[in-house]
Amino acid sequence: MSETYTVGDLVAEFLQQCGVTTAYGIVSVHNIPMLDGIGRRNAIRFVPSRGEAGGGHMADAHARVTGTMGVLFSSTGPGAANTPGALVEARFAATPMLHLTGQSATANLGTGQGTVHDVADQLGMLKSVSKEAYRITSAQTAFATLCEAAAVAQTPPMGPVSVEVPIDIQQTEIERPDALDNLVLPIPGARVPSESDLDRAAEALANAKRPILWCGGGAREAGAAVARLVDMGIPVVTSWQGRGVLAEDHPLTLGGLNGNGSPMIETFYETVDLMVVAGSRLRGHETRDMTMTLPSHRIQIDVDPMANGRTYDCEQFICADAALTLDALADRLANRSTGKLSIEPGYGAEFTKLKADATAAYLEVMGQYAPFPAALRAAMPRDALFVRDITLNNSTWGNRIFPLYGPRDSVYPVGAAIGPGSALGIGAAIAASDGRKTVAMCGDGGFNLGLAELPTAVQEGADITFLVMNDGGYGVIGHIQDAMYGGRKFFGDVRGVNLEVMATATGMPYFKVSTVEDFGTTVAEAIAIAGPALVEVDMTAIGPFPRYFAPPPYAAKG
């Protein structure tokens, strides 16, 4: 008698045929058939997170580091309701992710009978936080729905897609689809720029005397094209999502020091006669809610037509893939009959000096924390992954002046939430099973939110160093309260756990830094340990973190 094949088995084999090697989440009564299929096939590693939110952030980071589709499994109802924070972050980051959740049996849906985990309109909840959400309504439509969902998740602008699979459908026996043998998802090809758009943009670039390229996360795969343009003398700056598209020790990239927080660079923008924005939203979070003055002449390249005019306007909008467009522009510029662009003599040297001066000026305001970026960079291998939570150290030097060398070496909460950092770090470390180290820098407030996932890191042997910058509360909130609310610091001093005890309880080596001088050597010692380790930086002992937050122009004071 042949072995039965159910929709649960279909889900497992479908993911395998999609190239998925690792999935995250929690096993529960309403997803056992799918995870049983994964377990029996033994082709996909399943990482059991301690919460659905943590699993979602791990799947998100895994996708960002590998460039593949992340996969999250959750339970139904309350379990599915634990995923929205992670789905929202994945949507901010345009992460291709497939969220598979169970559902009550089809006969009980929408009846209000109080079956286990039954909640009103779970699908509506998931639609509100996902790029799209589907319910598999029959065993016969399961394969088609899975194909559509995985394709939508991986179609730019990418994002998380949720799929409900009712428990009775998961258990239903079906014929194995022959299409699994040569699975091709209906993902449209990369959007190609028009010849006229390329001609116009190339002409503008060829005639610009002081051009600059701004790259975002949508240009992450455009590194080769960016390098060609930089070799022609066009310097580059990036959004925080686009960092590492060109190694940031190159003299002609400012990296994430993109002007927000650097008056010197904003002044420089006044002299730039053309900015080409590739794959970036020019997000309000990085442009002071679009009040930062950018060069007046701009060309924007984005695969999403809705990006046109969403934050800043432009003289030319090219709706196309950033990598294809930049490469085609480099071809046109390289093939010009004159062989040269019109770039002003000395522009490159001026830009290199700007980078050095702006970095030095930024470090000047960091006070006693100024040595931290260089010390951490020296302690980390060049190919290490740098994961951050939203914390004072990241919002200042971590995002802006800590050098990054690869387009997938950086993971941080694009949605600016505190708390995802530790789980993002675990997912990144598991993804980097090729021997790369992961360092996850969190504040104590954010780290408190992710404590449940520390056993996951230990159980999975994640090669990660947790770097906890402990100032005894929500430091960034205190800065905002000082700047905008008369220094009234209500409710921000939250008590955390004893991190040494926590590390010991989970079987993790623990280190503590209480002086600036000990920071680099202590972190290097922790990084040298294979597997998870925890370093606590006692910011209270080191001294107050410099004030960096300034109120936006519309904020009321009092």
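Before reading on, note that the structure itself is shown above.
Description of the structure in this document. Source: prediction; values computed, not measured.

1. Quick notes on the pairing of strand E16 (residues 510-513)
Then step 1. In the sheet, E16 pairs with strand E17 (residues 533-538) via four bridges, with the strands oriented parallel. Looking at E17, one finds that Phe511 is bridged to Val535.
Then step 2. Between E16 and its parallel partner E17, the chain crosses via helix H21 (residues 516-527), and the hand of that crossover is right-handed.

2. A few points about the sheet that holds strand E10 (residues 298-302)
Then step 1. Ordered in space as E8-E7-E9-E10-E11, the five strands form an open sheet in which the pairing is parallel. Across the chains shown, the open sheet's two edge strands, defined by having one partner strand only, are strand E8 (236-238) and strand E11 (316-319). Neighbour-to-neighbour, the strand axes of this sheet turn through a mean angle of 15°, independent of strand direction.
Then step 2. Inspection of the sheet shows strand E7 (residues 211-215) paired to E8 by three bridges, in the parallel sense. Along E8, the bridge assignment pairs Trp214 with Val237.

3. As for the environment of Thr271
Then step 1. Along the chain, the position of Thr271 falls in the loop between helix H11 (263-269) and strand E9 (274-278).
Then step 2. For Thr271, a relative accessible area of 36% translates into the label partly exposed.
Then step 3. A C-alpha to C-alpha distance of 7.6 Å links Thr271 and Pro295, two positions 24 residues apart in sequence.
Then step 4. Of note is the side chain of Thr271, whose polar atom sits 2.9 Å from the side chain of Arg210.
Then step 5. Only 2.7 Å separates the side chain of Thr271 from the backbone oxygen of Phe268, close enough to count as a polar contact.

4. Concerning the packing of aromatic side chains
Then step 1. Inspection of the entire model under this criterion finds 11 aromatic pairs.
Then step 2. Here Tyr369 and Phe545 contribute two aromatic rings whose centre-to-centre distance is 4.9 Å and whose plane-to-plane angle is 50°, an arrangement assigned as tilted. Here Tyr369, found in the loop between helix H13 (347-364) and helix H14 (372-379), pairs with Phe545, found in the segment after helix H22 (539-542); they are 176 residues apart in sequence, far enough to count as distant. Both residues of the pair, Tyr369 and Phe545, belong to the buried class.
Then step 3. Each ring, one from Phe490 and one from Phe491, has its centre 5.7 Å from the other, and the planes form 35°; the classification is tilted.
Then step 4. Phe490 gets classed as exposed once you look at its relative accessible area, which sits at 52%.
Then step 5. By way of ring pairs, the aromatic residues Tyr369, Phe372, Phe519 and Phe545 are connected into one cluster.
Then step 6. Looking at Arg382, its charged tip hangs above the ring of Tyr405, at a distance of 3.7 Å from the centre.

Criteria and cut-off values
- Residues numbered from 1 in each chain as written.
- Predicted model: local features only at pLDDT ≥ 70, side-chain atom pairs only at ≥ 80, totals over all residues.
- Heavy atoms only, no water.
- Pairing = 2+ DSSP bridges.
- Helix = DSSP H or I, 4+ residues; strand = E, 2+ residues; numbered from the N terminus.
- Right-handed = clockwise from strand over helix to strand, strands pointing away.
- Axes fitted to C-alpha atoms, helices over the stretch in contact; angles between N-to-C directions.
- Buried < 20%, exposed > 50% of the residue type's maximum accessible area, 1.4 Å probe, protein only.
- Polar contact = N/O pair within 3.5 Å; in protein donor to acceptor, adjacent residues only side chain to side chain.
- Phe/Tyr/Trp six-rings, centres within 6.5 Å; stacked < 30°, edge-to-face > 60°.
- Lys NZ or Arg CZ within 6 Å of the ring centre and 35° of its normal.

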